[in-house]
Amino acid sequence: MNDKDRDKMSNNSNLPFIPGWNASLESAFSAYKGPYIPGRIVTQHKTVWNILTEKGELQATISGAMRKVGKQPVVGDFVVLLDQSDLNSYTIVDILPRTSCLSRGSAGDLSEDQLIAANIDTIFIVTAVGHDLNLRRLERYLTIVYSSGAKPVILINKIDLTEGLPDDPSATIQEIKDIAGDVPVIALSALSKTNLEQLDPFMKPAETIALIGSSGVGKSTLINALLHHNVQKTSDVREDDDKGRHTTTVRQLFLLPNGTIFVDNPGIREIQLGDSSDGIDRTFSDITELAQNCRFKDCTHRNEPRCAVREAVDQGVITQERLDSFHKLNDELAFQADKAEIGLKGVEKKKYKGIALARKYIASKRQ
Ligand SMILES: Nc1nc2c(ncn2[C@@H]2O[C@H](COP(=O)(O)OP(=O)(O)OP(=O)(O)O)[C@@H](O)[C@H]2O)c(=O)[nH]1
Ligand SMILES: [Mg+2]
Ligand SMILES: [Zn+2]
């Protein structure tokens, strides 16, 4: 890689070369004096992380202190490494502040296991024509993406499959646009490389883009097409159920020649909402906006009189399915928040039970 390429990949040529590194990370890192170097997580293998640094890609484990408090870096994280290269050892000692954090975890899960990736600027929610197209699932994806802090873009892949078929995809594409609000919707084919140029506006140097979606929709095929190399294994979807095979098993960061950073993800099986109430409001911005004209400020749009949202359904402005989906996601969020509270109480109880047992034990020893 020459210097010009390096400059493109970092936002500023005076800063160390780490893809996506910028002045505010530099300032956060400046608190570290001594044998420390910064890096960015490329991939994780159980307890070992691959990290891109100025010295190239190297492997590290996390410090005992981080393990103790349950802090774990994820792909995309910028980390601080203790550099003991003379001993051939690097240890991750800190995670620099995250600008976004994608999680599919439930609110009750206090561990960081549910984190998918960090510091992502844009998320391509990938879906494919055929069985995978599902408006309700897209609303779920939009909700978690909005609450992550990243910008969503919806990709409809495999449009080559509909060429020459009577089943015209434009109606489905329009349905998606109707629920997408301001979110860009792009129909393309990763395999026959159709409409890939429509992704150009998002592919800026030092920009980090993650691909999420069900298994088999073609996320890895798209990465290969954009990289002009087959770096990722892809495989046929099972014919019987169109569920995919979960070909990609490890989340990983890739660099494009122009400096854009991509994260390929394994197919997501189940999307839980976690703590995403503002994500729901943004996903359903049409409903939130209409709600301002409901008679009651706290209208739930179920059976209150003079509800502007239900009137909009009656007039065909929004579909009943979309309102049902809004209710369902809100109910799920409320249920998860309750569960989280009960879970917390459980943890507290266990803690006190532990303390009580320890006291009993100590008392018995004293006697
Ligand atoms: N016809 C057609 N097939 C495609 C297209 N993109 C991907 N495929 C095929 O779909 C299958 C699955 O593609 P992958 O790229 O492995 O899918 P994935 O989303 O990475 O799947 P996981 O890694 O399991 O999450 C492969 O057989 C691809 O060749 C496309 O645009 N058109
Ligand atoms: Mg894949
Ligand atoms: Zn209402």
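On a predicted model such as this, the values are computed, not experimentally measured, just so you know.

Further remarks concern the packing of aromatic side chains. For the coordinates displayed, the defined rule picks out seven aromatic pairs. Among the aromatic residues, ring-to-ring pairing joins Trp-21, Phe-29, Tyr-32, Tyr-36 and Phe-78 into one connected group.

Here we come to the pattern of salt bridges. The tally for this structure, following the rule as stated, stands at nine salt bridges. Taking the shortest distance from any N to any O, the salt bridge between Arg-98 and Asp-77 comes out at 2.7 Å. You can see Arg-98 sitting in the loop between strand 5 (89–95) and strand 6 (101–103) and its partner Asp-77 sitting in the loop between helix 3 (64–68) and strand 4 (78–84), a full 21 residues away along the chain. With its nearest N and O atoms 2.9 Å apart, the salt bridge here joins Asp-286 to Arg-322.

The magnesium ion (ligand 2) binds to the protein through Ser-220 (OG) and Thr-248 (OG1), with metal-donor distances spanning 2.0 to 2.1 Å. Separated by 28 residues along the polypeptide, Ser-220 in helix 6 (residues 219–227) and Thr-248 in the loop between helix 6 and strand 12 (252–255) bring together distant segments of the chain. Each member of the pair, Ser-220 together with Thr-248, is buried.

On to the site of ligand 1. Among the 24 residues in the neighbourhood of ligand 1, the closest are listed as Asp-160, Ser-215, Thr-221, Thr-247 and Thr-248. With respect to ligand 1, the side chain of Asn-157 contributes an N or O atom lying 3.1 Å from an oxygen atom. Separating a nitrogen atom of ligand 1 from a side-chain N or O atom of Asp-160 is a distance of 2.7 Å. A total of 650 Å² of accessible area belongs to ligand 1 in isolation, and the protein chains cover 93% of it. Here the element with the most residues in the shell around ligand 1 is helix 6; it accounts for three residues. Taken together, the residues of the shell around ligand 1 sort by class into six nonpolar, 14 polar and four charged.

Further remarks concern the coordination of the zinc ion (ligand 3). Around the zinc ion (ligand 3), the protein contributes the donor atoms Cys-294 (SG), Cys-299 (SG), His-301 (ND1) and Cys-307 (SG), at 2.1 to 2.4 Å from the metal centre. Taken together, the four donor atoms surrounding the zinc ion (ligand 3) define angles of 102 to 115° at the centre, an arrangement classified as tetrahedral. One chain supplies every donor to the zinc ion (ligand 3), and in sequence these donors are spaced C-x4-C-x1-H-x5-C. By the burial criterion, Cys-294 is buried, and His-301 matches it.

What follows concerns helix 6. Burial runs high along helix 6: eight of the nine residues are buried. Taken residue by residue, helix 6 has Lys-219, Ser-220, Leu-222, Ile-223, Asn-224, Ala-225, Leu-226 and Leu-227 as its buried positions. On its buried face, helix 6 is in contact with strand 8 (122–128), strand 9 (151–157), strand 11 (208–212), strand 12 and strand 13 (261–264). In the stretch just after helix 6, His-228 is the one whose phi turns positive, near 55°.

Before going further, it helps to spend a moment on the confidence of the model for the chain. For the chain, the mean per-residue pLDDT works out to 83, and 81% of the residues sit at or above 70. Here helix 1 (residues 3–9) is the element of the chain with the lowest mean pLDDT, 43, and helix 9 (residues 308–314) is the one with the highest, 97. Low pLDDT, under 50, characterises residues 1–13; the predicted model gives this stretch 27 contacts beyond four residues in sequence or across chains. When the criterion is pLDDT under 50, residues 106–110 qualifies, and its contacts beyond four places in sequence or with other chains add up to 10 contacts.

Inspection of the secondary structure puts Lys-71 in the loop between helix 3 and strand 4. On the basis of relative accessibility, which here comes to 33%, the residue Lys-71 falls in the partly exposed class. Placed 24 residues apart in sequence, Lys-71 and Ile-95 show a C-alpha to C-alpha distance of 8.5 Å. At a separation of 3.4 Å, a polar atom in the side chain of Lys-71 contacts the side chain of Asp-94.

A positive phi angle, near 60°, is found at Asn-88, a position not held by glycine. Of note, Asn-88 is situated in the loop between strand 4 and strand 5. We note that His-301 has phi near 60°; this positive angle belongs to a residue other than glycine. Inspection of the secondary structure puts His-301 in the loop between helix 8 (285–291) and helix 9. Relative accessible area serves as the criterion here: at 6%, His-301 is assigned to the buried category.

Here we take up the environment of Arg-245. Along the chain, Arg-245 turns up in the loop between helix 6 and strand 12. Taking the relative accessible area as the measure of exposure, Arg-245 reaches 47% and is therefore partly exposed. Along the backbone, Arg-245 and Ser-215 are 30 residues apart, and their C-alpha atoms lie at a distance of 6.4 Å.

A two-sided burial pattern is seen for strand 13, the buried positions comprising Ile-261 and Val-263 on one face and Phe-262 and Asp-264 on the other. With three bridges connecting them, strand 11 and strand 13 associate as parallel partners. In the strand pairing of strand 13, Ala-210 is matched with Val-263. Bridge count for strand 12 against strand 13 is four bridges, and the pairing is antiparallel. Bridge pairing in strand 13 places Phe-254 opposite Phe-262. The hairpin turn running from strand 12 into strand 13, its antiparallel successor, is five residues long, and Gly-259 in that turn takes a positive phi close to 105°.

This part covers the nonpolar core. Ranked by size, the top nonpolar core spans 64 residues in total, and within it Ile-51, Ile-92 and Ile-123 carry the most contacts. The biggest single contributor to this core is helix 4 (residues 135–148), with six residues. Residues lining this core come from more than one domain, with at least three contributed by each of domain 1 (3–95) and domain 2 (101–264). Val-126, Leu-155, Leu-188 and Phe-262 belong to the second largest nonpolar core, which has 23 residues in total.

What counts, and at which threshold
Residues numbered from 1 in each chain as written. Chains lettered and ligands numbered in written order. Predicted model: local features only at pLDDT ≥ 70, side-chain atom pairs only at ≥ 80, totals over all residues. Heavy atoms only, no water. Phe/Tyr/Trp six-rings, centres within 6.5 Å; stacked < 30°, edge-to-face > 60°. Salt bridge = Lys/Arg side-chain N within 4 Å of Asp/Glu carboxyl O. Helix = DSSP H or I, 4+ residues; strand = E, 2+ residues; numbered from the N terminus. Donors = N, O, S within 2.8 Å, 3.2 Å for Na, K, Ca; no water. Buried < 20%, exposed > 50% of the residue type's maximum accessible area, 1.4 Å probe, protein only. Near = heavy atom within 4 Å. Polar contact = N/O pair within 3.5 Å; in protein donor to acceptor, adjacent residues only side chain to side chain. Areas by Shrake-Rupley, 256 points an atom, 1.4 Å probe, with all protein chains shown as cover. Nonpolar A, V, L, I, M, F, W, Y, C, P; charged D, E, K, R; others polar. Tetrahedral: all angles 85-135°; square planar, octahedral: opposite > 155°, others 65-115°. Contact = heavy atoms within 4.5 Å. pLDDT = per-residue confidence, 0-100. Pairing = 2+ DSSP bridges. Core = buried A, V, L, I, M, F, W, Y, C linked by side-chain atoms within 4.5 Å. Domains from an automatic or database assignment.

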